[in-house]
Amino acid sequence: MAALGRQVLDGHRLIPLTWSLIARQTTRLGGQKRTTAFLLRKLTMVSSGGGLGESPSVEPQKYVQEPEHRTGLTQCLLEKQRTAVEREKVVSSLLDMGFSDVHVNELLSIQPGTHPQQLLDIISELILLGLNPEPVCVALKKSPQLLKLPVMHMKKRSSYLRKLGLGEGKLKRVLYSCPEIFTMRQRDIESIVGVLKEKCLFTVKQVTEILHRCPCVLREDPGELEYKFQYAYFRMGIKHVDVVKTDFLQYSMTKTKERHVFLERLGRYQTPDKKGQTLVPNPLLRDILRVSEAEFLAKTACSSAEEFGVFKELLAREEEESEGRMADAGSPEEAGP
Amino acid sequence: MTYSVQFGDLWPSIRVSLLSEQKYGALVNNFAAWDRVSAELEQLSARDFVNEAIFHGEPEPKNGQTAAPPPASWACSPNLRCFTFARGDVSRFPPARLGSLGVMDYYLMDAASLLPVLALGLQPGDTVLDLCAAPGGKTLALLQTGCCRNLAANDLSTSRAGRLQKVLHSYVPQDVRDRNRVRVTSWDGRKWGELEGDIYDRVFSLVAEIQAVWILTESWLYHLSAREVWVLVDVPCTTDRHSLHEEENNIFKRSRKKERQMLPMLQMQLLAAGLLATKPGGHVVYSTCSLSHLQNEYVVQGTIELLANQYDIKVHVEDLTHFRKLFMDTFSFFPSCQVGELVIPNLMANFGPMYFCKMCRMT
């Protein structure tokens, strides 16, 4: 009894769902009006720590007016018991999956309103996708909105991700930097995957690799992603394999253009010819994009910060003006003399 | 690549500047309300680099003694006012407007183009011959000095001479043009020596705008996109944007290789003609917008040798070190010219290229 009482007090978070359970039971089985109403109100007040004058919602009155009611308190406590048992089940399932006690407590307190079964279902999908317990905790703490997802949606999405090759542990990195992979619309993921496969002509394996290593591509506009790839392939002469290996797609177009065009105009980068050759070997991509600006200037460009600063301004202006010109040039020009 | 050999470590920074937007100077039109125009330009945070160089660039006297006045030949041509934005500032000037006096308020040009005019050191009453004068920036500057008793401006190409006429009409009032006996002609500049003889006390010989500015190796041209080549060609022509889009006249097309190689010959002939037309004791400034020492120093040295051997005419090259020091804050100069001075483009000061060499005809 005392234990149950404690649960009642502790379980104020469970009120909303419990409430509806009580309500359902009450209408079905009937009970004394006054007692039920009183007890229900009392429960609410005690749990939410409010004074006697408060009545949280109109609903209790509605149900109280139903003709048949059972004794509210017993029903309530039975429901509480049921929920507690469920919760215990969930806890033990989680422990079975490999979560520690600490993990379990953390998980249960991420989003207090979540039903334990919902929590378990979501977590199960993640485990089935090959994530380990620790990363699951980290990911859910960072993105609690995942716990609100309908379980069916979660299952469908998981199966789609598996198809994309993102099971078996590849998911961790994606989940950390791009949790939207579960919440975003299916067709948005599909359009990105479509660009990579059909427009850029990456292989299926390469697409998986890209999603795994550069999950931020999921956030990009498909047209801009395609442009980014074309810039790498045609303008810089980088082959598919290297686009994947160097994580090229994760860098912003602005940064890439600034550094590449700077090198090109300095004469330190050359677009390879049809045979893929250049007069002088081009600097490694990691020395262009992955390094800090200071290192880029010192090692790769061999130029000064002030010159690069001026160059960036000039380039931004060039881009702005060429976009303006393209917008103006709506109709094709007539052939001139 | 020729230029990387010639310029070594400096070449990449020159190259990136050539391929990026150039910087302009605003030459104030003295025939308009120049004091108001100057004030307006200062409001934009630009400053008159000529004024700053001449009045603040004087070297400090050593040991408290008064500095010796610079020789007369070092004095810069007077009355030139040209505004630029500070180093690293990529602001643009608004387009020039027509003022109340019926002429334009300023002329946008590569500020480095003013240096040969300044170096010439004009004095009131001089007669000036400007060979290859189009598109007209330097010609206009010559008129701004107010020193030209006679100005003959010539360009090989009729269409370019026509453009030069338009510039002069927009900037110089009719009465000034008449007074200065400004004559724009389109004769082959090489024939001047024969026709006019030793009339001109100062000759301003410009061999810049034959469209070919640099001699580049074949392979480099091959890899540059068409747009980049046009930008290169356009840069030296200062405000002559037409050459940017003249694909037919683009001298960097492979089919015009012979023409490019003939250029130094043409340039030597023009310089020789200019020197021959100069009075003994008179001065010639040879300038190009080329980086190539084949077009610059070699032409100067070759012509001087030619005149000495074939005409028994002695020509002395003047040292412009002091002059260069005056303008070092505004422009980047190449440190290793054998004769003359070369302004090299730099992203912080994207003026030039501009080569100039001052000579004095002795005999």
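On a predicted model such as this, the values are computed, not experimentally measured, just so you know.

Engineer: Any details on the packing of aromatic side chains? Residues and values, ideally.
Structural biologist: For any pair of aromatic rings, the description rests on two quantities: the centre-to-centre distance and the angle between the ring planes. All names here are of chain B. All chains considered together, the criterion is met by 21 aromatic pairs over all chains. Judged by centre distance (6.1 Å) and plane angle (50°), the rings of Tyr-3 and Phe-7 are tilted. Pair noted here: Tyr-3 and Phe-7 are both in helix H1 (residues 2–7), with a separation of four residues, about one helical turn. Taking 5.8 Å as the distance between ring centres and 80° as the angle between the ring planes, the aromatic pair formed by Phe-323 and Phe-356 counts as edge-to-face. Taken together, the positions of Phe-323 in helix H14 (residues 321–326) and Phe-356 in strand S12 (residues 354–361) put the pair 33 residues apart, joining distant regions of the chain.

Engineer: Which residues make up the side chain of B:Asn350, and what values go with them?
Structural biologist: Residue and element names in this part refer to chain B. On the secondary structure map, Asn-350 appears in the loop between strand S11 (341–343) and S12. In this structure Asn-350 comes out as buried when scored by relative accessible area, which is 4%. Reaching out from Asn-350, the side chain makes a polar contact with the backbone oxygen of Ser-17 at a distance of 2.9 Å. At a separation of 3.5 Å, a polar atom in the side chain of Asn-350 contacts the main-chain carbonyl oxygen of Ser-20.

Engineer: Could you give an account of the pairing of strand S4 (residues 106–109) of chain B, naming the residues involved and the relevant values?
Structural biologist: Residue and element names in this part refer to chain B. The side-chain alternation of S4 yields two buried faces, one formed by Tyr-106 and Leu-108 and the other by Tyr-107 and Met-109. With four bridges connecting them, strand S1 (residues 25–28) and S4 associate as antiparallel partners. Across the sheet, the residue bridging to Gly-25 is Met-109, located in S4.

Engineer: Explain unusual backbone geometry to me, using residue names and the numbers behind them.
Structural biologist: With omega at 5°, the peptide bond leading from B:Gly352 into B:Pro353 counts as cis. By the element assignment, B:Pro353 lies in the loop between S11 and S12. Residues other than glycine seldom take positive phi values, yet A:Cys302 does so here, at roughly 50°. Positionally, A:Cys302 belongs in the loop between helix H18 (293–301) and helix H19 (305–328). Among the residues examined, A:Cys302 registers a relative accessible area of 47% and is labelled partly exposed.

Reading the values: the criteria
Residues numbered from 1 in each chain as written. Chains lettered and ligands numbered in written order. Predicted model: local features only at pLDDT ≥ 70, side-chain atom pairs only at ≥ 80, totals over all residues. Heavy atoms only, no water. Phe/Tyr/Trp six-rings, centres within 6.5 Å; stacked < 30°, edge-to-face > 60°. Helix = DSSP H or I, 4+ residues; strand = E, 2+ residues; numbered from the N terminus. Buried < 20%, exposed > 50% of the residue type's maximum accessible area, 1.4 Å probe, protein only. Polar contact = N/O pair within 3.5 Å; in protein donor to acceptor, adjacent residues only side chain to side chain. Pairing = 2+ DSSP bridges.

Remember, this is a structural readout, not a statement about activity or role.
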